[in-house]
Amino acid sequence: MSALYVIPILAFLILVHELGHFLAARLFGITVLEFGIGLPPRLFGIRRGGVLYSLNLIPLGGFVRVLGEDSRSLEPGSLQTKARWQRAIFFAAGALMNVVIAVILMMVLVAAQGKPEEHVYIAEVAPDSPAAAAGWQPGDRFLQVGGQTITSVDQLLAITQSYAGRPMPVVLQRGSQRIQSTVVPREQPPAGQGRTGVRIATAPKAHITVANVEPRSPAANAGIRPGDEVTQIGDYTIDDAAIYWLALEHYAQQTTTIQIIRDGQPLKVTIQVPERSPAQSQLHVGTVIRQEVIAQPLPLWQIPVRGIAQTLSLLGGMIVGLAMLLRGQASLSNITGPIGIGQLTSELLAISPNPVWMTLANLTVLLSLNLAILNLIPFPALDGGRLFFVLVEAIRGRRIAPEKEGLVHLIGFIILLGFMFLIAFVDIGRILSGQSLVP
C-alpha cells in the first residue's frame, strides 16, 4: 500500500508545474482560459477574473489552457501575440517551478538533517593497484590524506588528484588499529578504476539499531532482537551503516562477536557470518537496520546555500545520466514510469532508515527534478519541443505556421502515449517477476 504515496506526490508535482505556466501567463498578460486541478471530466468550476478555476474528477496534477496556445489567434492576450522571449519563459516556467520546489524541499531536508559527520571507507580494492600494494583492505576508514582530515568524498578525490604521480601519505582506521601508509596515485588509471584502485563507501555517523530480524537467520540464531543497538562487530566499532555491512563482509564465513545494547544494558553475542552470494548486493544475516544520524544544527545562513548546492548537484548528475542514456552508455532497463515509481517508493520506504516524511521528501525532490529535465527535452508535445519551435522561429526570422506546428505536437503526443504504455508493461513485468528497483 505504501506504493500509493506516489499518487499524491505526482499529482502535487504536476500541479506545481502547471502553476508555473499559470503565473508566467499572468505576468505577461496572456489570457488564461482555465486553470484545472485534476484532469477531466470536470466536476465543477468557478469563474473569477475571466479565468475558469475547475476541479476535475481524475486527481492527477492539473492543466492550464491559455488563449492562442494551439491556434493562430491574434486576439489581445493571445500567446501568439507575445514576444519570443515571453513565450519562451512561459514554456519553461513549469520546469523552473519544479526546480524551485525541489530547492525548497531540499532546504527543509538540510535543516532537518543538520550537519552530520561523514565517514569515508574503502569498500573494495582492485588487484594490482596502488591501494593493493599499500595493503589497504575493505572496511578501512580514511582518517587523514595528504595531512588533511577527511570529511567528505569530494575532498578525498580532490586531494588524491592533486597527488597524482607522487607519494601521498594516508592514515587509515582498521578496527582498533591506526595504520600509516603511502601510495602513489596513478596519473592514467585503467578504465573503471580510480587513481588508487579503490571503490568508496560513505555514511553519516549514526547509532545503528536493529529494526527487524528474520526467523531462523544467523542474526536470530545469535539471539539478536529488534531494538538492539549494535556498537561493535569483532574489532570494528559500529558508528554508521556503512561500517556495519563492511564489518560483516570482513568476517564472512567466520564466527565473530557482536556487542549490543539492550534495554540500556551492554550484551555480547556470537554470530556465524555466512558467505555473501553473488546475487546479493549486501551480505545477508537476517537483519534490517535503522540509523539515527548524529548531526549538529546548521547556522541559518548555511541552509539555503547547502540546499541550492545539493539540488544543483543532483540536477547535474541527472543531466549527465540522461546524456549517457542517449549515447547508449546506460541501460534502458532503468527507465520507469508511474507504476515503477510506485514500486520504487514502496521499496525505499521498506529499507530507508529515515522517517517516512524524510524519505518521501527526498523522493519528491528527485521526481521534481526529473519532471523538469524531461519536460525540457526538445521533443514535440513537451515544453522543450515548444521551446525548440521558438528557437527555430528566432533563427528563421519568421514563424512556422501554427497548424503545422500543431500537427507536429499531435504526432509527438501520440508517440509519447505509446512510449508510456510500453513503459507501463515493462514496469508490470518487473513487478510480476519479483525484480527490485533498489540495488
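Shown above is the structure to which this text applies.
As a starting point, this report considers the structure included with it. (Residues numbered from 1 in each chain as written. Predicted model: local features only at pLDDT ≥ 70, side-chain atom pairs only at ≥ 80, totals over all residues. Heavy atoms only, no water.)

## Things to note about the overall build of the chain
A tally of regular secondary structure across the chain gives 11 helices and 16 strands. Over its C-alpha atoms, taken along the principal directions, the chain stretches across nearly 80 × 50 × 45 Å. Looking at the chain as a whole, 40% of its 439 residues qualify as buried. A separation threshold of at least 6 residues defines the contact pool for the chain, and within that pool the share at least 24 residues apart is 62%. Total accessible area computed for the chain in this model is approximately 23400 Å², and 62% of it derives from carbon and sulfur atoms. Each charge class in the chain was averaged separately, 32 positive and 28 negative side chains, and the resulting centres sit 8 Å apart. (Helix = DSSP H or I, 4+ residues; strand = E, 2+ residues; numbered from the N terminus. Buried < 20%, exposed > 50% of the residue type's maximum accessible area, 1.4 Å probe, protein only. Contact = heavy atoms within 4.5 Å. Areas by Shrake-Rupley, 256 points an atom, 1.4 Å probe, with all protein chains shown as cover. Lys, Arg positive; Asp, Glu negative; His and termini not counted. Charge placed at Lys NZ, Arg CZ, Asp CG, Glu CD.)

## So, the pairing of strand β8 (residues 177-183)
Pairing analysis gives seven bridges linking strand β7 (residues 168-174) to β8, with the strands arranged antiparallel. Bridge pairing in β8 links Arg 174 to Gln 177. In this structure, the hairpin formed by β7 and β8 is closed by a connection of two residues, where Gly 175 is found at a positive phi of approximately 60°. (Pairing = 2+ DSSP bridges.)

## Some remarks on the environment of Leu 312
Inspection of the secondary structure assignment puts Leu 312 in helix α7 (residues 302-326). C-alpha of Leu 312 to C-alpha of Val 285: the two residues are 27 residues apart in sequence and 38 Å apart in space.

## Observations concerning the pattern of salt bridges
Pairing is possible between side chains of opposite charge, provided their charged atoms come close. By the definition in use, this model includes 11 salt bridges. Here Asp 140 ties to Arg 174 by a salt bridge, and the two come within 2.8 Å at their closest N and O atoms. Placement of Asp 140 in the loop between α3 (130-133) and β5 (141-145) and of Arg 174 in strand β7 is noted, with a sequence separation of 34 residues between them. The shortest N-O distance in the salt bridge between Glu 249 and Arg 276 comes to 2.7 Å. Of this pair, Glu 249 sits in helix α6 (residues 241-250) while Arg 276 sits in the loop between β14 (265-272) and β15 (287-293), and the two are 27 residues apart along the sequence. (Salt bridge = Lys/Arg side-chain N within 4 Å of Asp/Glu carboxyl O.)

## Description of the packing of aromatic side chains
This structure, assessed with the given rule, holds eight aromatic pairs. Each ring, one from Trp 136 and one from Phe 142, has its centre 5.5 Å from the other, and the planes form 85°; the classification is edge-to-face. One aromatic cluster is present, built from ring pairs that chain together Phe 22, Phe 35 and Tyr 53. Looking at Arg 166, its charged tip hangs above the ring of Tyr 163, at a distance of 4.2 Å from the centre. (Phe/Tyr/Trp six-rings, centres within 6.5 Å; stacked < 30°, edge-to-face > 60°. Lys NZ or Arg CZ within 6 Å of the ring centre and 35° of its normal.)

## What to know about unusual backbone geometry
Its identity is not glycine, yet Arg 216 carries a phi of approximately 60°, on the positive side. Although it is not a glycine, Ala 381 sits at a positive phi angle of roughly 85°. Inspection of the secondary structure assignment puts Ala 381 in the loop between α9 (356-375) and α10 (383-396). Overall, Ala 381 belongs to the partly exposed group, its relative accessible area being 23%.

## Focus on the environment of Pro 41
Residue position: Pro 41 is located in strand β1 (residues 32-48). For Pro 41, a relative accessible area of 47% corresponds to the partly exposed category. On a C-alpha basis, the gap between Pro 41 and Asn 56 in space is 5.7 Å, while along the polypeptide they are 15 residues apart. Not counting the four nearest positions on each side in its chain, Pro 41 is found in contact with Asn 56 and Leu 57.

## A closer look at helix α4 (residues 153-162)
Looking only at α4, the buried set comprises Gln 155, Leu 156, Ile 159 and Thr 160. The arc that holds the buried residues of α4, viewed along the axis, is 130°, so those residues lie on one side. Residues of α4 that are exposed and point over 90 degrees away from its buried face: Asp 154 and Gln 161. On the buried face of α4, the contacting elements are β4 (118-125), β5, β6 (148-149), β7 and β9 (198-204). Between a side-chain oxygen at the N-terminus of α4 and the backbone nitrogen of Gln 155 the separation is 3.1 Å; the capping residue is Ser 152. (Arc of directions from axis to C-beta. Polar contact = N/O pair within 3.5 Å; in protein donor to acceptor, adjacent residues only side chain to side chain.)

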